[in-house]
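Letter by letter, the chains look like this.
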Amino acid sequence: MNISKIGRIICISCLILILGVNTIGICYAATTSELNKQKNEIDEKIKEINSEIAGTKSKMTDNLNQINELNAEISTYENEIGDLQARIGSVNVQIIEKEANIVEQQQKYDEQQELLDKRLIAMYENGSTSYLDMLLSSDGLADFISNYYIISQLAEFDQELLKGIADTKDKIQAEKDYLESAKSEIQQTQNAMKNKQNSLAASRNQKKAVVSQLSEEEKALQEELEEYEQHKKEIQSKIAQASAKYTGAPVAPSAAGFTSPLPGKTRANITTGYLGYSGHEGVDFACAGGTPVLAVKSGVVYTSTAKMRNGKYVSYGEYIIIDHQDGTMTLYAHMQAGSRLVFEGNSVSQGQQIGSVGSTGNSTGNHLHFEVYSKGRRTNPTPYLP
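Keep in mind that what you see is a predicted model, and the values were worked out from it rather than measured.

## Description of the overall build of the protein chain
No. 1: Within the protein chain one finds 7 helices and 9 strands.
No. 2: Looking at the protein chain as a whole, 38% of its 386 residues are labelled buried.
No. 3: Accessible surface, the protein chain: about 21,400 Å² in total, of which carbon and sulfur atoms supply 54%.

## Section: the pattern of salt bridges
No. 1: With the rule as written, the count across this model stands at 15 salt bridges.
No. 2: Across the salt bridge formed by Lys207 and Glu226, the nearest N and O atoms sit 2.6 Å from each other. Here Lys207, found in helix H5 (residues 140-211), pairs with Glu226, found in helix H6 (residues 216-243); they are 19 residues apart in sequence, far enough to count as distant.
No. 3: Since its relative accessible area comes to 27%, Glu226 is described here as partly exposed.
No. 4: In this structure, the salt-bridge partner of Asp326 is Lys297, at a minimum N-O distance of 2.7 Å. In this pair, Asp326 is assigned in the loop between strand E4 (312-323) and strand E5 (328-335) and Lys297 in the loop between strand E2 (292-294) and strand E3 (299-309), connecting sequence segments 29 residues apart.
No. 5: Among the residues examined, Asp326 registers a relative accessible area of 22% and is labelled partly exposed.
No. 6: Here Lys297 falls in the buried class, since its relative accessible area comes to 17%.
No. 7: Salt bridges linked by common partners bring Lys232, Glu281, Glu371 and Arg378 together as one network.

## Concerning unusual backbone geometry
No. 1: If you check the backbone angles, Gln325 has positive phi at about 60° while not being a glycine.
No. 2: Tracing the sequence through the fold places Gln325 in the loop between E4 and E5.

## Some points on the nonpolar core
No. 1: If you look at the biggest cluster of nonpolar residues, it comprises 25 residues, and the most contacted ones within it are Val293, Tyr332, Ile354 and Phe370.
No. 2: Here the element with the most residues in this core is strand E8 (residues 367-374); it accounts for 3 residues.
No. 3: In this structure, Phe370 is in contact with Pro261, Gly282, Val283, Val296, Thr330, Leu331, Tyr332, Pro381 and Leu385, ignoring residues within four places of it in sequence.

## Considerations on the side chain of Ser304
No. 1: Tracing the sequence through the fold places Ser304 in strand E3.
No. 2: Take Ser304: its relative accessible area is 14%, and that puts it in the buried class.
No. 3: There is a polar contact of 2.9 Å between the side chain of Ser304 and the side chain of Arg340.
No. 4: Polar side-chain contacts of Ser304 include one of 2.7 Å to the backbone oxygen of Val342.
No. 5: Apart from the residues lying within four places of it in its own chain, the contact partners of Ser304 are Tyr319, Ile320, Arg340, Val342, Phe343 and Glu344.

## Focus on the pairing of E3
No. 1: Bridge count between E3 and strand E6 (residues 347-348): 2 bridges; the pairing is antiparallel. If you follow Gly299 over to E6, its bridge partner there is Val348.
No. 2: Pairing of E3 with E4, which is carried by 8 bridges, proceeds in the antiparallel orientation. When the sheet's bridge partners are listed, Ala306 is paired in E4 with Glu318.
No. 3: Where E3 folds back onto E4 in an antiparallel hairpin, the turn is made up of 2 residues, including Asn310, whose phi is positive at roughly 55°.

## Describing the side chain of Thr328
No. 1: Along the chain, the position of Thr328 falls in strand E5.
No. 2: A polar side-chain atom of Thr328 sits 2.5 Å from a polar atom in the side chain of Asp326.

## Concerning the confidence of the model for the protein chain
No. 1: The share of residues in the protein chain with pLDDT of 70 or more is 71%, and the mean pLDDT across the chain is 77.
No. 2: Note on residues 1-30: pLDDT is under 50 here. Beyond four places in sequence and across chains, it has 23 contacts.

## Topic: the packing of aromatic side chains
No. 1: By the definition in use, this model includes 3 aromatic pairs.
No. 2: A centroid spacing of 5.7 Å and a plane angle of 50° characterise the contact between Tyr316 and Tyr319, whose relative ring orientation is tilted.
No. 3: Since its relative accessible area comes to 0%, Tyr316 is described here as buried.

Cut-offs applied
Residues numbered from 1 in each chain as written. Predicted model: local features only at pLDDT ≥ 70, side-chain atom pairs only at ≥ 80, totals over all residues. Heavy atoms only, no water. Helix = DSSP H or I, 4+ residues; strand = E, 2+ residues; numbered from the N terminus. Buried < 20%, exposed > 50% of the residue type's maximum accessible area, 1.4 Å probe, protein only. Areas by Shrake-Rupley, 256 points an atom, 1.4 Å probe, with all protein chains shown as cover. Salt bridge = Lys/Arg side-chain N within 4 Å of Asp/Glu carboxyl O. Core = buried A, V, L, I, M, F, W, Y, C linked by side-chain atoms within 4.5 Å. Contact = heavy atoms within 4.5 Å. Polar contact = N/O pair within 3.5 Å; in protein donor to acceptor, adjacent residues only side chain to side chain. Pairing = 2+ DSSP bridges. pLDDT = per-residue confidence, 0-100. Phe/Tyr/Trp six-rings, centres within 6.5 Å; stacked < 30°, edge-to-face > 60°.

Laid out in structure tokens, this is it:
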């Protein structure tokens, strides 16, 4: 077997070897009894808080308490469905991008393969002349060095071409693997969303049945509760729109730099905690009426208003929302009548007094209701507070 044939066999063997190579948590769960105990404790807390936020604790009947709990369920399902829809939209966008990238990578792969085929054909057609033959046939040292340089360049080109083909093939496979995973995720998410929609419909039907049994007095109170829930949703929607301009990562609570919204108070002074979608979507500080309410961080006043109906405070009563210009926004509610000191568009500094503690709106006594939004979403304020 001559040298040129050996060279061709080695080259083709290397090609096959390179193209054939492919690249390749601990969960802690509480016991069932612990989880059930935690759930029961939370359920009891939700019932208590749902009465408190209504501002009419003494008037809350079993029917109204049941409606309040159903409202919390409905709100939870609506938010979860919204999250699932957003995830499906995001994954669909990624799928479109990946499919376009596969087309691009496949074109690149085809071009590289065509170039390699031409290179192999050329080597075959000129098989009688090997790299060694070129060197041995050099006419003097200068010619030898020149031929050696040419050979090294050709060898380097061959290696880069083979590596490029292998890399492109790996990228195509990775993109195809991602597509398979993404499409599977969408199917699972759609199934989960369908289950949530069924649960939402069941809760709404149950609520409708309870509402039909309310007395006139209960119906009047129910309208007030519904208005409060609707107002919260409107605020959430507006803040989400205003926060869309912040495209960076959310500010971590430890990096937010918030101070307390009340003089001398810390998270240890919170009297009613955060329960998310299930009812209480902020934290409360019970304190004397007239206590100064302070901006936790510098920013621009997004909203400063009083929520009223028929001359009566409802919902959040006197409240202020501040945009801290970093993706976080804070809400201060139930403030004293006429105590707001800043208005929409005003710049505020950290620690500046913006109003006074009161009990306007759906409130049973003097306290500050404080909420934090991160990139348009309500979040637990406690980690943000000193």
